[in-house]
Amino acid sequence: MNIDSIKNGIVIDHIQAKKALEIYKALKLEELDCSVALITNAKSKKMGRKDIIKIDKNIDLDLNILGYLDPNITINIIKDDKRVEKYHVELPKQIINIIKCKNPRCITSTEQELSHIFILTDKEKRKYRCKYCESLSDE
Ligand code: ZN
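Keep in mind that what you see is a predicted model, and the values were worked out from it rather than measured.

### A word on the pattern of salt bridges
1) Next: For the structure on display, the rule yields 5 salt bridges.
2) Next: The shortest N-O distance in the salt bridge between Asp13 and Lys50 comes to 3.0 Å. Placement of the pair is Asp13 in strand β1 (residues 9-16) and Lys50 in strand β3 (residues 48-55), with a sequence separation of 37 residues.
3) Next: The class for Lys50 is buried, based on a relative accessible area of 11%.
4) Next: For Lys123, the salt bridge goes to Glu90, with nearest N and O atoms at 3.1 Å. Pair noted here: Lys123 is in the loop between β7 (117-122) and β8 (127-130) and Glu90 is in the loop between β5 (82-88) and β6 (94-96), with a separation of 33 residues, a long-range link.

This is how it looks when you write it as structure tokens:
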């Protein structure tokens with residue numbers, strides 16, 4: 001895989017510097033069977049330094065969580081050497097198993113097998129509440 005360009009795939013750009021690994025894990029990219037390149041500390045006019053992830057295949061990937069982790073990230077879809085789509089990811093309506101409820105009385109602290117689900121309650125303030133006990137996520 002050529003690091004500079006991919007023919008068909010997804011480029012996750014403008015990741016905050018040093019955050020690529022976190023994004024990689026959140027998207028479970030280790031489960032993919034195609035090439036994935038992590039570029040850290042790339043020079044950026046806009047950001048000074050940034051990270052980039054290149055996925056060498058046009059796969060159907062749920063990128064919603066990126067809107068929560070880093071709203072400045074841009075997604076580029078590459079087809080036949082051309083960028084056919086570029087967009088920012090909106091805040092997801094719900095987040096599953098990324099943040100944990102800190103309320104000790106919440107059912108998720110006793111029922112270990114339950115998913116930690118947070119629902120978007122305030123888009124402007126980027127606030128999420130636990131689906132079970134309605135505790136706010138502490139961001
Ligand atoms: Zn809770």
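### Regarding the environment of Leu120
1) Next: Here Leu120 is to be found in strand β7.
2) Next: Taking C-alpha positions, Leu120 is 28 Å from Glu30, a pair spaced 90 residues apart along the chain.

### Some remarks on the coordination of the zinc ion
1) Next: Distances from the zinc ion to its protein donors, Cys101 (SG), Cys106 (SG), Cys130 (SG) and Cys133 (SG), fall within 2.2 to 2.3 Å.
2) Next: Coordination geometry of the zinc ion: the 4 donor atoms subtend angles of 101 to 113° at the metal centre, consistent with an arrangement described as tetrahedral.
3) Next: Sequence spacing among the residues donating to the zinc ion works out to C-x4-C-x23-C-x2-C. Pair noted here: Cys106 is in the loop between β6 and α3 (107-110) and Cys133 is in the segment after β8, with a separation of 27 residues, a long-range link.
4) Next: By relative accessible area, Cys133 is classed as partly exposed at 25%.

### Some details on the nonpolar core
1) Next: Core analysis: the largest hydrophobic core is formed by 28 residues, its most contacted members being Ile12, Ile23, Leu27, Ile53, Ile55, Leu66 and Ile75.
2) Next: Mapped onto this core, the elements with two or more residues apiece are β1, α1 (20-26), β3, α2 (65-69), β4 (74-79) and β8.
3) Next: Take this core: its biggest share by element is 4 residues, from α2.
4) Next: Each of two domains, domain 1 (9-88) and domain 2 (94-130), supplies a minimum of three residues to this core.
5) Next: With residues near it in sequence (within four places) discarded, Ile12 still touches Leu27, Asp51, Ile52, Ile53, Ile55, Leu63, Leu66, Ile73, Thr74 and Ile75.
6) Next: Counting residues in hydrophobic clusters, the runner-up holds 6 residues, among them Ile6, Ala42, Ile52 and Ile78.

About the thresholds
Residues numbered from 1 in each chain as written. Predicted model: local features only at pLDDT ≥ 70, side-chain atom pairs only at ≥ 80, totals over all residues. Heavy atoms only, no water. Salt bridge = Lys/Arg side-chain N within 4 Å of Asp/Glu carboxyl O. Helix = DSSP H or I, 4+ residues; strand = E, 2+ residues; numbered from the N terminus. Buried < 20%, exposed > 50% of the residue type's maximum accessible area, 1.4 Å probe, protein only. Donors = N, O, S within 2.8 Å, 3.2 Å for Na, K, Ca; no water. Tetrahedral: all angles 85-135°; square planar, octahedral: opposite > 155°, others 65-115°. Core = buried A, V, L, I, M, F, W, Y, C linked by side-chain atoms within 4.5 Å. Domains from an automatic or database assignment. Contact = heavy atoms within 4.5 Å.

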